[in-house]
Amino acid sequence: MPASPSTARAINDRLALRLLQQDGPLTATQLKTLTGLSRPTVADLVERLRSAGLIQVVGESGAVRRGPNAKLYGIVADRAHLAALDVRLGSVSVVVTDLLGTTLAEDSLPIGSDTGTGPAVERAAALLERTARAAGPVPLHSVGIGAPGLIDPATGELRDSSGLPAWHRGLVRELQRRLPATVLVENETNLAAVAEHREGAAHDRETFVLLWLGQGIGAAVMLDGKLRQGASGGAGEIGFLPVPGVSGLPSAVNCEGGFHSLAGSGALCELAAAHGLVDRGAVAEGQEEAAAVDAVRAALEAGEAGEPFLKEVADRLALGSAAVVSVLDPGCVLLAGAVGHAGGAALAARVEERLATMSPLRTEVRAGSLGDGAVLRGALLTARDAAQDALFAPEG
């Protein structure tokens, strides 16, 4: 059935707003070209959006001929603020932006493993509130949170997981209780995939798998431009993947014996120590990720001397990748997280070469381009989408 006039107006307005957010500021003529709408229709929607306080004149296009079409229209960016949190095992980072993603304030805070659940929740919540105040008096509309663990697809809540701090779940509940904003939580690896797809190394790919290589190890599955969480929110829990080369098998509550034991930061530290790149005894608990990153960088800088270590790392990553590729055939695997970013294109090329000998399915391997900040960026994009859906939905 053809859309009613009010539905058609809402669709046109949303399209124009999305273009202004992504490509703006734009003139009415540019909007006409990009939307394919008629000039009268564009003139009507511009007037509707201005009257609703969603867009405003921000300048002129500089065209020789002056007139209504020379005015540049842009989103009213300070209509609301957005926040994103990257919640790690021992820290939390916060950024607050306007509706266009311009950073207004940011901060981070370490939270030690000896901090109780209540104090940890309060410190993290207070950090967000301080950062939001520093950004200005505009209220928060949406808050995106990236955290390790499973997200229940039915409730959207962070599930209770062994090995993860209790304050993570407590923080989400506390922010939902004390903030008037919409609070959204998603697995950190999934958010990294969203960011790399929208703004990073996978911007030209609608289907790919992202391997997150950090303190832990995980995967995100993007199929046909849509993030796939799985029936229980556990799609991509590749750390539990049984693999050869490790002792034992993983269990329902512990990924030791799975791919995590082969390619997690702790395992890479052990491998680096065997190659003389790391003094394993000097690596404190919780610092394995930084040590693994240093080892990968040192091996790359060492040239031929670093090849044996890099080859073994590539062999391990290719093993997990081959399992994913054989099931999903994504055509592209992205190495992200701190270790993937440190290895860059050089490590990705080695993994691709090794993977080609293990799988008949042609697969490109790339390095993520957003580094450790991909989670925070993905959380912000999620918050921005939520705000746009709510604020930029003109009444029909």
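Going by an unreviewed UniProt entry, the chain carries the name ROK family transcriptional regulator and comes from Streptomyces pakalii. Annotation of the chain in UniProt includes, under Sequence similarities (unreviewed entry), the sentence "Belongs to the ROK (NagC/XylR) family."

Caption draft 1: Quick look at the overall build of the chain. Counting secondary structure elements, the chain contains 12 helices and 12 strands. Along the longest, intermediate and shortest principal axes, the C-alpha atoms of the chain span 70 × 50 × 45 Å. Counting all 396 residues of the chain, 49% fall into the buried class. Within the chain, contacts between residues separated by at least 24 positions form 62% of all contacts whose residues are at least 6 apart in sequence. Carbon and sulfur atoms form 52% of the exposed surface of the chain, whose accessible area is close to 17,900 Å².

Caption draft 2: Spotlight on the pairing of strand 8 (residues 208-213). Strand 8 sits mainly inside the fold: six of its six residues count as buried. Residue alternation in strand 8 divides its side chains into two sets, Phe208, Leu210 and Trp212 and Val209, Leu211 and Leu213, and both sets are buried. The hairpin formed by strand 8 and strand 9 (residues 217-223) contains three residues between the paired strands. Alignment of strand 8 against strand 11 (residues 332-336), held across four bridges, turns out to be parallel. What sits directly across from Leu211, in strand 11, is Leu335.

Caption draft 3: Examining the pattern of salt bridges more closely. Here the structure, examined in full by the defined rule, presents 17 salt bridges. A salt bridge links Arg48 to Asp13, with the nearest nitrogen and oxygen atoms 2.8 Å apart. Of the two residues, Arg48 sits in helix 3 (residues 39-51) while Asp13 sits in helix 1 (residues 5-23), which places them 35 residues apart along the sequence. On the basis of relative accessible area, Asp13 is assigned to the buried category, the value being 1%. Here the salt bridges share partners, and the residues they tie into one network are Glu122, Glu129, Glu174, Arg177 and Arg178.

Caption draft 4: Local environment of the sheet that holds strand 8. Pairing is mixed across the open sheet formed by five strands, whose spatial order is 10-9-8-11-12. The outermost strands of the open sheet, each flanked by one partner alone, are strand 10 (226-228) and strand 12 (364-367). Neighbouring strand axes in the sheet, compared pairwise and without regard to direction, differ in orientation by 25 degrees on average. Packing against the sheet, helix 11 (residues 337-358) makes contact with strand 8, strand 11 and strand 12, and its axis sits at approximately 160 degrees to strand 12.

Caption draft 5: Summary view of the side chain of Asn187. When you line up the elements, Asn187 lands in strand 7 (residues 182-187). Relative accessible area serves as the criterion here: at 10%, Asn187 is assigned to the buried category. For Asn187, the contacting residues outside a window of four places in its chain are Ala147, Pro148, Gly149, Ile151 and Glu237.

Caption draft 6: The arrangement of the nonpolar core in detail. Counting 41 residues, the largest nonpolar core has Phe259, Phe309, Leu317, Leu335 and Val351 as its most contacted members. Contributions of two or more residues to this core are made by strand 8, strand 9, helix 7 (260-263), helix 8 (265-274), helix 9 (288-301), helix 10 (307-328), strand 11 and helix 11. Here this core gets nine residues from one element, more than from any other, and that element is helix 10. Contact partners of Val351, with chain neighbours within four places excluded, come to Ala314, Leu317, Ala318, Ser321, Leu335 and Val365. Within the second largest apolar cluster, 31 residues are counted, among which are Ala147, Leu158, Val172 and Val183.

Caption draft 7: Focus on the sheet that holds strand 7. Ordered by their spatial adjacency, five strands build an open sheet running 5-4-3-6-7, and the pairing between neighbours is mixed. Each edge of the sheet is formed by a strand with only one pairing partner; in this case those strands are strand 5 (103-110) and strand 7. Neighbouring strand axes in the sheet, compared pairwise and without regard to direction, differ in orientation by 15 degrees on average. Two elements, strand 6 (residues 140-147) and strand 7, share six bridges in a ladder whose sense is parallel. If you follow Ser142 over to strand 7, its bridge partner there is Thr182. Sitting on the sheet, helix 4 (residues 117-135) touches strand 3 (81-87), strand 4 (91-97), strand 5 and strand 6, and the angle it makes with strand 5 is about 160 degrees.

Caption draft 8: Summary view of the packing of helix 8 against helix 9. The contact between helix 8 and helix 9 brings their axes to 8 Å, and the two run at 45 degrees. Here helix 9 runs oblique to helix 8, going by the angle between their axes. In terms of crossing hand, the pair formed by helix 8 and helix 9 is left-handed. Contact with helix 8, carried on its side by Ser265, Gly266, Leu268, Cys269 and Ala272, involves Glu288, Glu289, Ala291, Ala292 and Ala295 of helix 9 and no other residues of that element. Residues that form the contact of helix 8 with helix 9 fall into these classes: six nonpolar, two polar and two charged.

Rules behind the numbers
- Residues numbered from 1 in each chain as written.
- Predicted model: local features only at pLDDT ≥ 70, side-chain atom pairs only at ≥ 80, totals over all residues.
- Heavy atoms only, no water.
- UniProt positions renumbered as here; feature names shortened; annotations may be inferred.
- Helix = DSSP H or I, 4+ residues; strand = E, 2+ residues; numbered from the N terminus.
- Buried < 20%, exposed > 50% of the residue type's maximum accessible area, 1.4 Å probe, protein only.
- Contact = heavy atoms within 4.5 Å.
- Areas by Shrake-Rupley, 256 points an atom, 1.4 Å probe, with all protein chains shown as cover.
- Pairing = 2+ DSSP bridges.
- Salt bridge = Lys/Arg side-chain N within 4 Å of Asp/Glu carboxyl O.
- Axes fitted to C-alpha atoms, helices over the stretch in contact; angles between N-to-C directions.
- Core = buried A, V, L, I, M, F, W, Y, C linked by side-chain atoms within 4.5 Å.
- Parallel < 35°, antiparallel > 145°, perpendicular 65-115°, else oblique.
- Left-handed = near helix turned anticlockwise from the far one by under 90°.
- Nonpolar A, V, L, I, M, F, W, Y, C, P; charged D, E, K, R; others polar.

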